[in-house]
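A closer look at the structure
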Amino acid sequence: MKHLSIIVPNGENNLSSIVGTYKIFTRANEIWKNKNQEERFKIELVGTAENIDFHGGIFSVKTHTNLARINKTDLIIIPSLNHNYELALLENDELAHWLVKQYKEGASVASICTGAFLLASTGLLDGKSCSTHWSVDAEFRQRFPKVDLKTDKLITDEDGIYTNGGAFSFLNLIIYLVEKYFDRETALHCVKVFQIDVDRNMQSEFRIFNGYKNHGDEEVIEAQTYFESNYQDKISISELTDQLSIGRRSFDRRFNKATGITPLEYLQRVKIEAAKKSLENTRKTVNEVMFDVGYSDVKAFREVFRRITGMSPLTYKAKYNKAAFI
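Since the structure is predicted, the reported quantities are computational estimates derived from the model, not experimental observations.

Inspection of the entire model under this criterion finds 22 salt bridges. Between Glu265 and Arg307 there is a salt bridge, with the nearest N and O atoms lying 3.1 Å from each other. Taken together, the positions of Glu265 in helix α11 (residues 263-281) and Arg307 in helix α13 (residues 298-309) put the pair 42 residues apart, joining distant regions of the chain. For Arg307, a relative accessible area of 43% translates into the label partly exposed. When salt bridges that share partners are traced, they join Asp137, Arg141, Asp152 and Arg207 into one network.

Here it is in structure tokens:
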């Protein structure tokens, strides 16, 4: 029998990803036992404290065992964290060391949503691909520049380390792991019982682009503000750098370091975010929206829109603005 450690970190972190993981794996165990007369996993909630409170003490989780008592485990799942990452990492330093030890001894490790901050703090993600919630993209890149962050992806799988995107997309990761450690039949049974939409591999369409400005580079912030205020116009980045008295190469380097993306990519994302809002809330045609956000080439607009959102402008409008088609 394999051993599954569902981590309960110290601090008021995310309860739903702990409970959801426990429920789905427990059901998968039951399905497996009915077919094979034995359970696939011994499932334990593991932490450094016996009880962890959530939501101001309204809820409490009692761990099965202390991580110090676990000599060997096969699969570790880290839930998502609250948004005070500095505190979360400080409170779970012992857990981080334990994760490294277990991974080196053969355990696989999966992080849910912002649990990637804890996993990345161990160094195990250095040089590897990783996903997390799109809203913390820039902050994650600032903290962990050695990690190959791919927040458009829903799930990453590399060298026994799994990560996933934001919020309730963790259900897709758990189903992915159930199929990997049980079989497809068990995974599909869980999909039907818990009614999980598995026809997803990207989280691009859910991203709301808010340019990261907490980096302290005043000239870059000025450029970001300029892009956001004038995206409808034809913008020359070279003219902007002249106004800021910064060389183009130096500007590109500073902008990328501060925001995690190039100036051109930033401008494109500002335009597409404005286009998305218009498609969601107005009856304008795709061409009208395209002109409103400063594009004149239909093919170019559609290609950039699809690259950023994972779908065409018309498909996006049909999904998020059904009233426009009535």
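What follows continues from the structure just given.
Counted under the stated rule, the structure contains 20 aromatic pairs. Ring centres of Phe168 and Phe170 lie 6.1 Å apart, and the angle between their planes is 40 degrees; on these two criteria the pair is classed as tilted. The class for Phe168 is exposed, based on a relative accessible area of 55%. Since its relative accessible area comes to 3%, Phe170 is described here as buried. Taken together, Phe25, Trp32, Phe41, Tyr181 and Phe182 form an aromatic cluster joined through their ring pairs. Over the aromatic face of Tyr295 sits the side chain of Lys271, whose NZ or CZ is 5.4 Å from the ring centroid.

One can find Leu240 in helix α9 (residues 237-243). Taking the relative accessible area as the measure of exposure, Leu240 reaches 5% and is therefore buried. Other than its neighbours up to four places away in sequence, Leu240 contacts Ala223, Tyr226 and Phe227.

Before going further, it helps to spend a moment on the layout of surface pockets. The volume enclosed by the largest pocket comes to roughly 430 Å³. Forming the walls of the largest pocket are 23 residues, and the residues nearest its centre are Trp134, Asp137, Ala138, Arg207 and Phe209. Elements supplying a minimum of two residues to the lining of the largest pocket: α5 (137-143) and α11. Looking at the lining of the largest pocket, the element that brings in the most residues is α5, giving four residues. Partitioned by chemical class, the residues of the lining of the largest pocket number nine nonpolar, five polar and nine charged. Put simply, the second largest pocket is a space of about 260 Å³. Around the second largest pocket, the lining is made up of 14 residues, and of these Ile155, Asn172, Tyr176, Val198 and Arg200 lie nearest the centre. Counting residues per element, the ones that place at least two in the lining of the second largest pocket are α6 (170-181) and α7 (184-194).

Cut-off values and rules
- Residues numbered from 1 in each chain as written.
- Predicted model: local features only at pLDDT ≥ 70, side-chain atom pairs only at ≥ 80, totals over all residues.
- Heavy atoms only, no water.
- Salt bridge = Lys/Arg side-chain N within 4 Å of Asp/Glu carboxyl O.
- Helix = DSSP H or I, 4+ residues; strand = E, 2+ residues; numbered from the N terminus.
- Buried < 20%, exposed > 50% of the residue type's maximum accessible area, 1.4 Å probe, protein only.
- Phe/Tyr/Trp six-rings, centres within 6.5 Å; stacked < 30°, edge-to-face > 60°.
- Lys NZ or Arg CZ within 6 Å of the ring centre and 35° of its normal.
- Contact = heavy atoms within 4.5 Å.
- 1 Å grid on protein atoms, 1.4 Å probe; cavity = no way out; pocket = protein on both sides within 12 Å on 5 of 7 lines; lining within 4 Å.
- Points joined across faces, edges and corners; volume = space filled by probe spheres on them.
- Nonpolar A, V, L, I, M, F, W, Y, C, P; charged D, E, K, R; others polar.

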